[in-house]
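Chain and residue survey
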Amino acid sequence: GELADEPRMFTEILEQPSSVERALRGRLDERFGTAHLGGLNLDPRELRAIRRVKILGCGSAYYVGQMGAGLIEELARIPADAEAASEFRYRNPIIEPDTLYVAVSQSGETIDTLLAVQEIRRKGGRVLGVVNVVGSAIARAVDGGIYLHAGPEIAVASTKALTNMYVAFSLLALQLGRVRDLSIADGKRLISGLQALPTQIEEILKSESHLEEVAARLAEAESMFFVGRVRGYPVAREGAQKLKEISYRHAEAYQTSELKHGPLALISESVPTVAIVPQDELTDRNVAALHEISARRGPLVVVTHPEVDLGELDALRVDVPKNEVELDPILLTIPLQLIAFHAAKALGHDVDKPRNLAKSVTVE
Ligand code: BG6
């Protein structure tokens, strides 16, 4: 077909409306406003007994893990956090019986993540896998889990698998929430949100030529910031990671709220900022921080919702369709994939095989 000559990363980005549909298929219970994840191997009583959730992954999988932890805290009100699997094992971690451990990996072969799983199981902990490759080492080592159904992902820079990881965490958070205090009304609200994702992703993909222009502008800069707050912060981390990996430009992710405590000193007309500004309870504070950047002549790209009024702010605007607040991060991430892709292409790099990186790192 006409996509045959395009880099794999590009075709994988375009596949997302259908790969998200696959991740949802057969897993939504509209009547009871919940999700059914057959492979968890945990009954409702065991799900209710979970006191803490710890998510482990590497690279982009770690950043999606951070998004997933936020979702679980928000929807199920269970304390949750994410940690780099590559660090976990080396600090003699305390393994608790009422903590649910979750290992997240596209390939299922990342050695750091696999070793973390083995360490937890050796110490008597229970681990779920959020994995794409069926029958992979991590899929075989865990007590249960969620397959991503993203299909084969070849490009080193992960896109459709990450999106499905977020979908998988949404389903897990929904199921954990519904056996606790999450209302059926909220459950149904989230199910409608999940069902709207494929069409909304389609809509974002249509704005590709605008994103190509944004990318061309960013590619001129040697160094840039990606900023966001709370739900938007892991989105910023993932955006910066993608840009670094394939365009080789320096990109640093920061919490928007922390800019004034240091990095504002670096802002100038040659250091752009990509800001994640969803329509939520933090919009006004986010916009106020952008004025601080603008006052220092820092060029701005704002990834936001059509409902957000940026006032007089001098910025390149990227609008994504609004979903439920809890699901917005998934859509805010999609334009960042295309921005990284087009920046790398504009700079003439091999998008699918970035220097120094492997698709999965299977030796320590
Ligand atoms: C890194 C890749 O080495 O491994 C990243 O460059 C990826 O793109 C990370 O996110 C984790 O891989 P996996 O297969 O465990 O999700």
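Here the structure is a predicted model, which is why all the values come from computation and not from measurement.

Re the sheet that holds strand β5 (residues 99–105)
- Pairing within the open sheet is parallel, and its five strands lie in the order β4-β3-β5-β6-β7. Edge positions in the sheet fall to β4 (80–84) and β7 (144–147), since each has one partner strand and no second. On average, each strand axis in the sheet is inclined to that of its neighbour by 20°, with strand direction left out of account.
- Sheet contacts for helix α4 (residues 60–76): β3 (52–57), β4 and β5; angle to β4, the most-contacted strand, approximately 170°.

Focus on helix α2 (residues 16–24)
- Among the residues of α2, Gln 16, Pro 17, Ser 19, Val 20, Ala 23 and Leu 24 are the ones counted as buried. Across the axial projection of α2, the buried residues extend over an arc of 165°, all falling on one side.
- Against the buried residues of α2 lie α1 (8–14), β1 (28–29), α8 (160–178), α9 (184–205) and α13 (328–346).

Here's the deal with unusual backbone geometry
- Positioned with a positive phi, His 149 is a non-glycine residue whose angle comes to about 55°.
- Tracing the chain through its elements places His 149 in the loop between β7 and α8.
- Although it is not a glycine, Tyr 248 sits at a positive phi angle of roughly 60°.
- Within the secondary structure layout, Tyr 248 lies in the loop between α11 (232–247) and β9 (250–255).
- Overall, the relative accessible area of 24% leaves Tyr 248 in the partly exposed class.

Structural notes on the packing of aromatic side chains
- All told, the structure shown has three aromatic pairs when counted by the stated rule.
- When the centroid spacing of 5.1 Å and the interplanar angle of 20° are considered together, the rings of Phe 10 and Phe 341 count as stacked. Of the two residues, Phe 10 is situated in helix α1 and Phe 341 in helix α13; the sequence distance between them amounts to 331 residues. Grouping residues by exposure puts Phe 10 and Phe 341 together as buried.
- Between Phe 225 and Tyr 254, the ring centres sit 6.3 Å apart and the planes meet at 85°, which makes this aromatic pair edge-to-face. Here Phe 225 is found in strand β8 (residues 223–228), whereas its partner Tyr 254 is found in strand β9, with 29 residues between them in sequence.
- One cation-aromatic arrangement involves Arg 355 over Tyr 248; the distance from NZ or CZ to the ring centre is 3.8 Å.

Looking at the environment of Ala 251
- Positionally, Ala 251 belongs in strand β9.
- Its relative accessible area of 1% is what places Ala 251 among the buried residues.

Considerations on the site of the ligand
- By nearness alone, every residue bordering the ligand is listed as Cys 58, Ser 60, Ala 61, Ser 105, Gln 106, Ser 107, Thr 110, Val 156, Glu 245, Ala 358, Lys 359 and Val 361.
- Contact distances for the ligand include 2.6 Å between an oxygen atom and a side-chain N or O atom of Ser 107.
- At a separation of 2.5 Å, an oxygen atom of the ligand approaches a polar side-chain atom of Thr 110.
- Out of a free accessible area of 390 Å², the ligand has 91% covered by protein chains.
- Partitioned by chemical class, the residues of the shell around the ligand number five nonpolar, five polar and two charged.

Quick look at the pairing of β9
- Bridging between β8 and β9 involves six bridges; their strand directions are parallel. In the strand pairing of β9, Met 224 is matched with Ala 251.
- Tracing the backbone out of β8, into α11 and back to the parallel element β9 gives a crossover that is right-handed.

The rules we used
Residues numbered from 1 in each chain as written. Predicted model: local features only at pLDDT ≥ 70, side-chain atom pairs only at ≥ 80, totals over all residues. Heavy atoms only, no water. Pairing = 2+ DSSP bridges. Helix = DSSP H or I, 4+ residues; strand = E, 2+ residues; numbered from the N terminus. Axes fitted to C-alpha atoms, helices over the stretch in contact; angles between N-to-C directions. Contact = heavy atoms within 4.5 Å. Buried < 20%, exposed > 50% of the residue type's maximum accessible area, 1.4 Å probe, protein only. Arc of directions from axis to C-beta. Phe/Tyr/Trp six-rings, centres within 6.5 Å; stacked < 30°, edge-to-face > 60°. Lys NZ or Arg CZ within 6 Å of the ring centre and 35° of its normal. Near = heavy atom within 4 Å. Polar contact = N/O pair within 3.5 Å; in protein donor to acceptor, adjacent residues only side chain to side chain. Areas by Shrake-Rupley, 256 points an atom, 1.4 Å probe, with all protein chains shown as cover. Nonpolar A, V, L, I, M, F, W, Y, C, P; charged D, E, K, R; others polar. Right-handed = clockwise from strand over helix to strand, strands pointing away.

The quantities given are spatial measurements derived from coordinates; they are silent on function.
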